Amino acid sequence: MPVFAYKGRSSRGDLVQGSLEGADSGVVADQLLNTGITPTDIKLTSQAVRSTSGAQISLWNRLTMEKKVDTQEVMLFSRQMYTLLKAGVPIMRALAGLQESTQNPAFAAMLQDLRESLDSGRELSTALRRHPKVFSPFYLSMVQVGEMTGMLDITFLRLYEHLEFEKDMKDRIKAALRYPMFVVIAMAIAIVIVNIFVIPAFAKVFEGFHAELPLMTRILMGFSGFMVQSWPILLALLIGAVVAFRSWVNTVDGRYKWDRYKLHLPIAGRIIMKATLARFARSLALSFKSGIPIVQGLNSVGLVVDNEFMRSRVEQMRDGVERGESILRTAAATGVFNPTVLQMIAVGEETGDMDGLMFEIAGMYEREVEYEIKSLSANIEPIMIVLLGGMVLVLALGIFLPMWDLGKVALHR
C-alpha cells in the first residue's frame, strides 16, 4: 500500500506532520480528519512508515502480534484511554496518539488495526474482538457496556483497576509458591549430587576395609549405585513423566482434576482458593457496577477465572440464575463459599447493593490472602527443617556411623 507524507493543523492550530498508508490521498485525508487533524498537504512518498507506527511489520510479527502484547501494555492502554477520553479527546485521535507514542511494533500494529476498523464504521468493542489473545471476553463485555451507556472513559478506568488487581493476585501467588518450590528443587539437586558424587567416593573407602556395613549404609550405597548406573533411564523417565503430565493437564478432564486438586494442596491450596475467590468477587462486582446483566456477567466472569474447577462452579451459578433461582441459592449450591460470604450475598440481594457487597467480599479475601502469604514462611519453615533434618540424619547414619565404628575398631587394635 502506498505511503503518503502529510502536513496539517490540529484543533489547537499546531502544525502536525508525519506519514500514513492509504489507498489514495482521499483515504489518508479521511483518516486525518477522523483524528482531529485538518490536512494542508498530502504527497505520495517512497519513505516507509516508522516502525513504531506498526503499519509495516513482517508477516511473522503480524501472525504472532497478539502473543507479544502483554498484560502490562493492556493496563497502560486502559489507563491512557481513560485519561484521553475524560479530557474530551476523540477516540480516533486518542488511538493515533497512543500509536505514535508506543515503542512496541506489535502493539502499534494492533492500534493501527483498531483505527482502520473504526474508520470503516465498526464499534470499538467489535474492533477489539479482532484480537482475542490480547483482550479477554470480560474486557470486551465491559467495553461494549461502556459504549451502550456512554461511560466508556469510566469503563476503561475500571478495567485498568481490574487488570492491576489481577496482576497483583498472580504476583502474590507466584511469590507465595516461590520459596517452597526453591527449597524442594534445591533438596532434589542436593540428593542427586550426594548419590552420584559423594556416596560413591565413600563406597570405595568402605570396600577397602572388607567389613560388614550397617543396613542404612548398604541401602544408601545400593541406591547410589542404581542412580549412577541407570541415570539415563531415570532422566528419560523424568522427562517422560513431565511430558505426560503436561499432556494430561492440557486435556479437559485433566485440567479440571488438576485445578480441583490444587485447591486442596497443603498450605498453598488455601492461598490459591482465596485468591481465586477474590478475583471472582471483584470481577462480578465490577460487572454489576457497570450495568452488565447478571447472566452475561457470570458468563464473562467464568471466562476470566483461570481455574477450571472454579469456572464450572461459576457456570453452575449462571445456569441456576437462568432458571430463576436467587444468587444466594446458587452460590450456596457450589459449596465454595463460607457462611460469612453467603450471609453478605443474602444482604446484598435484599438491599439491592450486590456490587458493593461483592467488593466487600473481594476485599475480605484479599486481606486473607495477604495474611496467608505473610504467614507462609512461618508455616513452611518447620516442614523444611524436618525434611532437611531427616536428610542429614540419613546421611549421618549411612556414611558417618560406619566410619566411626571402623575408627573405634582401629583404636582397639
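Residues numbered from 1 in each chain as written. Predicted model: local features only at pLDDT ≥ 70, side-chain atom pairs only at ≥ 80, totals over all residues. Heavy atoms only, no water.

By the element assignment, Lys-274 lies in helix α11 (residues 268-289). The exposure class of Lys-274 is buried, given its relative accessible area of 18%. For Lys-274, the side chain forms a polar contact with the side chain of Glu-372, separated by 3.1 Å. Among residues more than four places away in sequence, those in contact with Lys-274 are Tyr-365, Glu-368, Val-369 and Glu-372. (Helix = DSSP H or I, 4+ residues; strand = E, 2+ residues; numbered from the N terminus. Buried < 20%, exposed > 50% of the residue type's maximum accessible area, 1.4 Å probe, protein only. Polar contact = N/O pair within 3.5 Å; in protein donor to acceptor, adjacent residues only side chain to side chain. Contact = heavy atoms within 4.5 Å.)

Time to look at the UniProt feature "transmembrane region" (unreviewed entry) in the protein. Mapped onto this numbering, the UniProt entry annotates "transmembrane region" (unreviewed entry) at residues 138-160, 181-203, 223-245 and 383-404. Split by type, residues 223-245 is 100% helix and 0% strand. Its first and last C-alpha atoms lie 26 Å apart. Between the C-alpha atoms that bound residues 383-404 the distance is 30 Å, and the span itself is 100% helix and 0% strand. (UniProt positions renumbered as here; feature names shortened; annotations may be inferred.)

Below, the discussion takes up the pattern of salt bridges. Enumeration over the complete set of coordinates arrives at 12 salt bridges. Measuring nitrogen to oxygen at the nearest pair gives 3.3 Å for the salt bridge that ties Asp-259 to Arg-255. Taken together, the residues span about one helical turn, with Asp-259 and Arg-255 both in helix α10 (residues 252-262) at a distance of 4 residues. (Salt bridge = Lys/Arg side-chain N within 4 Å of Asp/Glu carboxyl O.)

Attention now moves to the packing of aromatic side chains. By the definition in use, this model includes 9 aromatic pairs. Among the aromatic side chains, those forming a connected cluster through ring pairs are Phe-77, Phe-107, Phe-135, Tyr-139 and Phe-156. (Phe/Tyr/Trp six-rings, centres within 6.5 Å; stacked < 30°, edge-to-face > 60°.)

Another aspect to go through is the side chain of Ser-125. Inspection of the secondary structure puts Ser-125 in helix α6 (residues 124-128). In this structure Ser-125 comes out as buried when scored by relative accessible area, which is 1%. Leaving out residues up to four positions away in the same chain, Ser-125 has contacts with Leu-140, Val-143, Gln-144 and Glu-147.

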